Amino acid sequence: MTKIPKDAKPFTSIPESEEEIDLGQVFKCFRRKYRLISCITLASSLFSVVNAITQPSVWEGRFQIVLENKQISGSSGLSGLASGSGAGNPLLSSLASGAGPLTSTIQSSLKTEVKVLQSPSVLKPVFEYIKTEKAKDGANVSTWNYSSWAKRSLNVVLEDQTSVLNISYIDTNKDLIIPVLNLISEAYQEYSGRDRLRNLNQNFSYLESQLSTLRDQSTESMKAATAHSLKHSLSLKDGLPSLTYSEAGQQLGGEVTLEVRRQQIKNKINMLSEQLAVMKSPVEGRNYMSAIFEDNDELFVKLQELESRLAQKSALLLPSDTSIRALQREISNLKQYINRQSIGLIEGQIKNAEAELASVSRPDDVMLMHRELVRRAYRDELTLTQIESQLQSLRLAKARKTTPWELISKPALLGSPIAPKKRQIVGIGFLVGLVTGSAVALVAERLSGLVFSLEELKGQLPGPLLKHLSSTEQKSWTSEITLLAKGPLDVDDSGAIGIIPVGNVQKLQVEKFADLLRQCQKKREVIITTDLVQSINCATQLLITSPGVATRAQLTQLNERLTLQGTHIAGWVFLDPDLKL
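A. Local environment of the confidence of the model for the protein chain. When pLDDT is averaged along the protein chain, the result is 78, and 78% of the positions lie at 70 or above. At the level of individual helices and strands, the protein chain shows its lowest average pLDDT in helix 4 (residues 101–106), which scores 40, and its highest in strand 3 (residues 164–171), which scores 93. This stretch, residues 70–107, has a pLDDT under 50; its non-local contacts, to residues over four places away or in other chains, come to 61 contacts.

Structure follows, in structure tokens:
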């Protein structure tokens, strides 16, 4: 009977889906298939070399131009239309707030400008010129379209945080680069002037169309304000708010408004009322308030004479003297008379002031209407003046020639082609061939079904691995086979040992192994056979194999035949050419 080691494992097939990638086996595969990999890599490299050589050279030219987000001359003055008293005009508000065509054009951003410069509206003549030149060289340009050409050959980029525009153009025709760049430069400079002139014309037409309407409107509003003021005996200044007195006074001669006059009269009435209250009060010395009236001058002179005589007599006579008492009575009567006369004068002045106040007063609805009419007339007149000023500025701007966008670098051709990059193409071709060849090698080896991995063989072959021998260093076999013969193969001396090659193992290696085994087992017969019917009578069966000599299908079939045979396998020996001792 065959001696079976205690650590022998039953045969179990490892499913392919559960196999792990062994990098060592992958590299061994590359080494085994190096010829295939080399051929594919070489073919890919040669193809890339031919491709790099045959591809036409691609040339590039560049130039730079400075974009100016220009505002037309005089346009800044339009913002002043909405300042001051003109802010209430809907037309001025429209112009100043950006609702009009002028301001909306001014506020266009540089990014929008760049998009316009890439559009067919600017560069379509350049595109047509290129199509004509290409057609002369025999190219089929019937299917060309502007978008594809611009995306393929033209690059327009605005530098970050600047108004510098970088323009580059690529083409296989070296002689066409500079003419095309010159055409693009001319188109851009023409566009800069064209855009300015178009804006000037648009704004001039817009403001001129408004001028006639504003003239009529200003005339009508001034007529209405004047008619209303004459009807109610008012001046134009009477309709202006107090905040515009200083501004309007320069045009209206500095006359006092009705509102100011009413306030002055009211202040006068208040002052006279205060004086009247003092005159009617019993306070001593109120007669001195009467001195402000010229009608009391003679009475005050007489009062001063009487008071002087009283002072002289008081110094010589006693207070009880009849002459002194007579003077005192006369002075008291004179003061009372002066006081009564002063009260009458003040009351008369109050009545006169009240009559004057009534003459300058107007009903509220009349004043409100007058103020509205005057404000409208003044606003329309101011708007008309501003519009006329802006039209004059636009005329000057149209007459003035402006410098087009500045070229900060002239169109220039790069010194060497930008494509094809031959080294890069060849390098990529080499890498593609290497990767493709490696993949093909792995696939080819997998499709061959040959088993090279020792680990996979351990799972596919029945019995344990008894010995791992180097097939290239057969001198070491003697001692190893001796240990093998005295160990796992040491059974009954009468039984034969059957060596069963698994796969296409080299015949010389198998015979060498059998000869060394016979020398160690002189009493036992050692036979080499692939016929399991012949080996069924052997006391010991030993499998021998090498990497890549048996397919998975052969291993499966061998296991099935051994199962049918029913004879135990002592184990197997692996002859490995890669094993270095």
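B. Highlighting the packing of aromatic side chains. Taken as a whole and assessed by the stated rule, the structure comprises seven aromatic pairs. On the basis of an interplanar angle of 50° and a centroid distance of 5.6 Å, the ring pair of Tyr146 and Trp149 is categorised as tilted. One end of the pair is Tyr146 and the other is Trp149, both in helix 7 (residues 146–153) and three residues apart, which spans about a single turn. Trp149 shares its class with Tyr146; the two are buried.

C. Representation of the nonpolar core in the model. Ranked by internal contacts, the top residues of the largest apolar core, which has 28 residues, are Leu123, Trp149, Leu165, Ile167, Ile184 and Tyr188. Breaking this core down by element, the ones donating at least two residues are strand 1 (59–66), helix 5 (110–117), helix 6 (120–136), helix 7, strand 2 (154–158), strand 3 and helix 8 (177–231). In terms of residue count, helix 8 provides more of this core than any other element does, seven residues in total. Leave out the neighbours within four places in its chain, and Ile167 touches Gly61, Arg62, Phe63, Ile65, Leu154, Asn155, Val156, Ile184 and Tyr188. Leu469, Ile481, Val573 and Leu575 belong to the second largest nonpolar core, which has 22 residues in total.

D. Quick look at the sheet that holds strand 1. Taken together, four strands build an open sheet; the order of strands is 2-3-1-4 and the sheet is antiparallel. Of all the strands in the sheet, just strand 2 and strand 4 (406–413) have a single pairing partner and so form its edges. Adjacent strand axes in the sheet meet at a mean angle of 15°, parallel and antiparallel pairs treated alike. Here five bridges tie strand 2 to strand 3, and the two strands are oriented antiparallel to one another. Residue pairing in the sheet places Asn155 in a bridge with Ser168 of strand 3. Helix-sheet contacts for helix 7 involve strand 2 and strand 3, and the interaxial angle to strand 2 is about 65°.

The rules behind each value
Residues numbered from 1 in each chain as written. Predicted model: local features only at pLDDT ≥ 70, side-chain atom pairs only at ≥ 80, totals over all residues. Heavy atoms only, no water. pLDDT = per-residue confidence, 0-100. Helix = DSSP H or I, 4+ residues; strand = E, 2+ residues; numbered from the N terminus. Contact = heavy atoms within 4.5 Å. Phe/Tyr/Trp six-rings, centres within 6.5 Å; stacked < 30°, edge-to-face > 60°. Buried < 20%, exposed > 50% of the residue type's maximum accessible area, 1.4 Å probe, protein only. Core = buried A, V, L, I, M, F, W, Y, C linked by side-chain atoms within 4.5 Å. Pairing = 2+ DSSP bridges. Axes fitted to C-alpha atoms, helices over the stretch in contact; angles between N-to-C directions.

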